[in-house]
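Letter by letter, the chains look like this.
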Amino acid sequence: MGRLRRLLAPGRPKLVSLRTTFAVSFAAVTAAVTILVGILSYGSAARLVRVDQQSVFTQVVQDVQDEVRQHDMDPEDFSSSRPGHDLVRPARTDVQVLGAQGQIVDHGNPSLPVTSRDKAMALATTAGKVVQHKDVRVDEDLFRIATVSLGGGRGAVQVAQEFSDTEDLLRTLQQRTLILMAAVVVAAGLFGWWLARRITRRLVILTSAAEDVARTRRLGIEVPVAGLDEVGRLGRAFDRMLGRLAQSEEDQRRLVQDAGHELRTPLTSLRTNISLLRRIDELPPASRDELVADLGQEARELTDLVNELVDLAAGQSDTEPPQQVDLADIAEEVVGVARRRSGREIVLRTSGDTTTDGRPGMLQRAMSNLVENAAKFDRGGKGPIEVAITGPDRPGTVRVEVLDRGPGIAEGDLIRIFDRFYRAADARSLPGSGLGLSIVREVAMAHGGAPFAFRREGGGSVIGFTVGG
């Protein structure tokens with residue numbers, strides 16, 4: 001019943017493959033060109049043959065007229081028994097001689113009909129007068145006939161040309177032309193099908209890959225499309241798109257897994273402390289204050305963690321339009337906010353052209369994370385925190401550095417500090433989620449740069465990123 005409804009559903013489009021469309025179009029164009037060329041060729045050939053036959057007949061009649069005008073000739077002079085009579089009998093030309101009364105004195109082969117007009121030519125006194133008849137049927141053949149007067153009432157000569165065999169020849173030519181055109185059209189259709197199959201084979205492979213992705217939702221499949229033409233470029237672009245989608249899906253999966261892991265600890269602690277709230281009346285005042293303080297601290301850490309997760313996710317799919325920004329201006333704003341929050345001395349140094357194309361919100365978040373990270377680990381405050389914006393480090397790049405005099409970063413941690421949720425062993429007792437520097441890496445890579453970190457000479461760390469290039 002469902003199949004019947006699908007068959008009867010109005011307006012349902014019928015799918016036609018590109019291969020069939022290409023083959024039919026190729027055959028149609030070839031057929032149109034072949035038919036046009038065939039018609040023009042046949043028409044030209046038929047016109048040339050007919051004109052040639054007409055000119056031959058006209059010349060024969062003209063020769064007879066000249067002959068009878070120049071010489072006084074009798075019907076016996078054109079008799080088939082006289083020598084030289086074949087001079088007026090070229091191929092497919094019949095001659096019949098009429099007497100003075102219009103009677104036939106020498107039959108043609110075949111015998112030609114004699115009309116009253118022909119008899120009048122036999123009685124004519126002027127030599128060379130002509131009367132013509134077109135499309136005269138004799139037996140099964142068609143003739144054109146011209147009757148030339150001998151003059152002086154001595155008779156006339158009938159000259160006839162058969163053209164039915166010419167029409168038969170043209171008809172045969174027409175049939176062969178039609179057969180040839182049909183063969184060309186069929187051959188063009190087969191060749192078009194083969195050519196379309198060869199051209200669309202890679203498109204079929206690409207379509208199959210796309211359908212597999214839609215059906216299985218697996219983005220890691222390989223697209224086996226090669227070539228330097230548009231189809232090859234499409235295949236490579238599709239393969240790169242699938243690769244980026246697969247990487248994005250993997251990043252989202254890891255983000256969800258890592259976020260779930262990191263959220264589990266503060267949520268467990270919150271749940272434990274909330275359960276203690278039921279017995280808060282039984283606790284001494286000092287324990288109550290400690291419990292409330294713990295709840296506040298855990299709520300702030302959880303809020304910070306959620307905010308950083310949101311920032312990280314937004315950085316992966318940021319819709320903020322790129323624009324030309326001056327990193328020195330952004331750094332000056334970030335440094336001002338950090339001074340007010342931390343009370344620390346923070347020095348800003350800029351050099352060179354610090355303008356670049358980027359997303360201001362993302363860049364500001366990355367700089368804020370670097371400065372907050374330095375303030376958190378350089379609690380002793382032996383020296384000012386330095387922020388250096390240098391451009392261009394390389395053609396088209398701007399370098400952002402934050403320098404502190406904290407305890408520094410262990411060699412084994414330098415290559416991992418930008419991983420999500422990674423925290424060095426000596427930093428696990430400090431507040432934070434381990435996402436700040438991960439956000440810095442995402443921002444740098446989104447702007448065509450990269451993060452970097454190394455130990456500072458004399459103690460402390462240098463952490464930053466590049467933009468552009």
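How each quantity is defined
Residues numbered from 1 in each chain as written. Predicted model: local features only at pLDDT ≥ 70, side-chain atom pairs only at ≥ 80, totals over all residues. Heavy atoms only, no water. Patch = residues over 30% accessible without salt bridge, like charges linked within 9 Å, V, L, I, M, F, W, Y side chains within 5 Å. Areas by Shrake-Rupley, 256 points an atom, 1.4 Å probe, with all protein chains shown as cover. Salt bridge = Lys/Arg side-chain N within 4 Å of Asp/Glu carboxyl O. Helix = DSSP H or I, 4+ residues; strand = E, 2+ residues; numbered from the N terminus. 1 Å grid on protein atoms, 1.4 Å probe; cavity = no way out; pocket = protein on both sides within 12 Å on 5 of 7 lines; lining within 4 Å. Points joined across faces, edges and corners; volume = space filled by probe spheres on them. Pairing = 2+ DSSP bridges. Axes fitted to C-alpha atoms, helices over the stretch in contact; angles between N-to-C directions. Contact = heavy atoms within 4.5 Å. Buried < 20%, exposed > 50% of the residue type's maximum accessible area, 1.4 Å probe, protein only. UniProt positions renumbered as here; feature names shortened; annotations may be inferred. pLDDT = per-residue confidence, 0-100. Parallel < 35°, antiparallel > 145°, perpendicular 65-115°, else oblique. Left-handed = near helix turned anticlockwise from the far one by under 90°. Nonpolar A, V, L, I, M, F, W, Y, C, P; charged D, E, K, R; others polar.

(A) Structural context of a nonpolar patch on the surface. A cluster of nonpolar side chains, namely V29, V33 and V37, defines an oily patch on the protein surface of about 250 Å² accessible area. Along the chain, V37 turns up in helix α2 (residues 18-70).

(B) Focus on empty space enclosed by the protein. Per the stated rule, a full pass over the model turns up 1 cavity of 30 Å³ or more. Here the largest cavity is characterised by a volume of approximately 30 Å³. Lining the largest cavity are Q54, F57, Q132, H133, K134 and R144. Those elements giving two or more residues to the lining of the largest cavity turn out to be α2 and β3 (130-138).

(C) Representation of unusual backbone geometry in the model. Each neighbour pair has its own omega, and for N109 with P110 the value is 5°, a cis peptide bond. Structurally, P110 can be placed in the loop between β2 (104-106) and α3 (116-122).

(D) Up close: the sheet that holds strand β7 (residues 346-352). Spatially, 5 strands are ordered β7-β9-β10-β12-β11 in an open sheet, and the strand pairing comes out mixed. Every interior strand has two partners, whereas the edge strands, β7 and β11 (451-455), have only one. Between one strand axis and the next, the sheet turns by 15° as a mean value, whatever way the strands run. Where strand β10 (residues 398-403) meets strand β12 (residues 461-467), 6 bridges bridge the pair, whose relative direction is antiparallel. Of the residues in β12, the one forming a bridge with L403 is V462. Sitting on the sheet, helix α7 (residues 327-342) is in contact with β7, β9 (385-391), β10 and β12, with an inclination near 175° to β7. Against the sheet, helix α9 (residues 436-446) makes contact with β11 and β12, and its axis sits at roughly 30° relative to β12, the strand it touches most.

(E) Layout of the pattern of salt bridges. The tally for this structure, following the rule as stated, stands at 5 salt bridges. A salt bridge links D74 to R154; its shortest N-O distance comes to 3.4 Å. Remark: R154 occurs in the loop between β4 (141-149) and β5 (156-162) and D74 occurs in the loop between α2 and β1 (93-98); sequence separation between them is 80 residues. For D74, a relative accessible area of 34% translates into the label partly exposed. Put simply, E442 and R441 hold a salt bridge, and the shortest N to O gap is 3.6 Å. Both residues of the pair, E442 and R441, count as buried. Residues joined in a network through salt bridges with shared partners are R349, E386 and R456.

(F) Highlighting the UniProt feature "transmembrane region" (unreviewed entry) in the protein. As annotated by UniProt and renumbered to match this structure, "transmembrane region" (unreviewed entry) occupies residues 21-42 and 178-196. Along residues 21-42 the backbone is 100% helical and 0% strand, and the end-to-end C-alpha distance reaches 31 Å. Taken end to end, residues 178-196 is 100% helix and 0% strand, and its first and last C-alpha atoms sit 26 Å apart.

(G) Representation of the confidence of the model for the protein in the model. The predicted model of the protein has a mean per-residue pLDDT of 77, with 80% of residues at 70 or higher. Model confidence for the protein, summarised as mean pLDDT per element, is weakest for helix α1 (residues 2-8) at 40 and strongest for β10 at 92. Counted against residues more than four places away or in other chains, residues 1-13, with its pLDDT under 50, gives 1 contact. Every residue in residues 427-433 is under pLDDT 50, and counting partners more than four places away or in other chains gives 18 contacts.

(H) Broad picture of the sheet that holds β4. Ordered in space as β2-β1-β5-β4-β3, the 5 strands form an open sheet in which the pairing is antiparallel. Of all strands in the sheet, those bounded by a partner on one side alone are β2 and β3. Between one strand axis and the next, the sheet turns by 30° as a mean value, whatever way the strands run. The pairing of β4 with β5 spans 7 bridges and is classified as antiparallel. Residue pairing across strands places R144 opposite Q161, the latter belonging to β5.

(I) Geometry of the packing of α7 against helix α8 (residues 360-377). Put simply, α7 and α8 touch, their axes get as near as 9 Å, and they point 40° apart. One finds that α7 runs oblique with respect to α8. The chirality of how α7 crosses α8 is right-handed. From α7, L327, I330, A331, E333, V334, A338, R341 and S342 reach across to α8, where they touch P360, L363, Q364, M367, S368, V371, E372 and A375. Considered class by class, the residues forming the contact of α7 with α8 number 10 nonpolar, 3 polar and 3 charged.

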